Amino acid sequence: MPTPHIAAPDGAFAPAVLMPGDPKRARYIAETFLDDAELITSVRAVEGFTGRYQGVPVSVMAHGMGMPSMNIYATELARFYGCTRLIRVGSCGALREDVPMRQVIACSAAGTDSSVNRHRVGGHDLAAVADFELLKTADRAAADLDVDLRVGPVFTSDSFYSGDTGLMGVLADHGVLAVEMEVAGLYGVAAAEGISALALLTVSDHLLTTEQLTPDERATSFADMMRVALAVAIS
Ligand code: HPA
């Protein structure tokens, strides 16, 4: 059934959906990694595709930027299209010296400055956590594929341009690996809808050193993350 933001026919999505932030990246993933990928929706130029990876149906659809956008797409995929496994594939800014550029991170949990998840649980904090089976699968797949994967918590911020410069240091001191803008939203939707979710991120910039990846480096690191994400998708 079409939703306000997705116009695919019933059954068009595979159970597993890879979710980059950037709509253009969704097309790139479909064309680069999937066989026989077909366009199934393009509302607001947010394209969704379904194809196959090693013979298994896999979909890809962007979630846009920020928790409100993530929550719309993740909820509609789960609630109206029956998708049961959502895998974010994105980028993040590292907060700690021991998290290098290009590091691939599997987000075990996400704190946030957003109140979106609190609205779900009477104003209290929701533990926004990854699906443990998917997390284990990612860890094993990374070892098999010789990808250096760091498992740990991230912080989902509502502000890319935050005025609170001290917060990132405090988070780093509490073991938080990186900052990004959607994971807590994805994990909140997964909890509410009773589905499985995992976020994999590549460090694209470093908040301590202000380094940023070059386009070539982005492509290489992204490929490592994608190999793990695809293994999780078809597991
Ligand atoms: N902040 C928030 N989101 C991000 C960042 C960042 O520094 N880098 C990549 N995604």
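Everything below is about the structure shown above.
**Structural notes on the side chain of E180**
The residue E180 is located in strand β8 (residues 178-180) in this model. Judged by its relative accessible area of 4%, E180 is buried. Here the side chain of E180 touches E182 through a polar contact of 2.8 Å, landing on its backbone nitrogen. Within polar-contact distance, the side chain of E180 engages the backbone nitrogen of V183 at 3.0 Å.

**A short note on the pattern of salt bridges**
A full pass over the atoms with the stated rule returns 11 salt bridges. Between D36 and R52 there is a salt bridge, and its shortest N-O distance comes to 2.1 Å. With D36 in strand β2 (residues 35-41) and R52 in strand β3 (residues 48-53), the pair connects residues that are 16 residues apart, well separated along the chain. Take D36: its relative accessible area is 55%, and that puts it in the exposed class. Its relative accessible area of 31% is what places R52 among the partly exposed residues.

Basis of the calculations
- Residues numbered from 1 in each chain as written.
- Predicted model: local features only at pLDDT ≥ 70, side-chain atom pairs only at ≥ 80, totals over all residues.
- Heavy atoms only, no water.
- Helix = DSSP H or I, 4+ residues; strand = E, 2+ residues; numbered from the N terminus.
- Buried < 20%, exposed > 50% of the residue type's maximum accessible area, 1.4 Å probe, protein only.
- Polar contact = N/O pair within 3.5 Å; in protein donor to acceptor, adjacent residues only side chain to side chain.
- Salt bridge = Lys/Arg side-chain N within 4 Å of Asp/Glu carboxyl O.

Geometric values such as these leave the question of function open.
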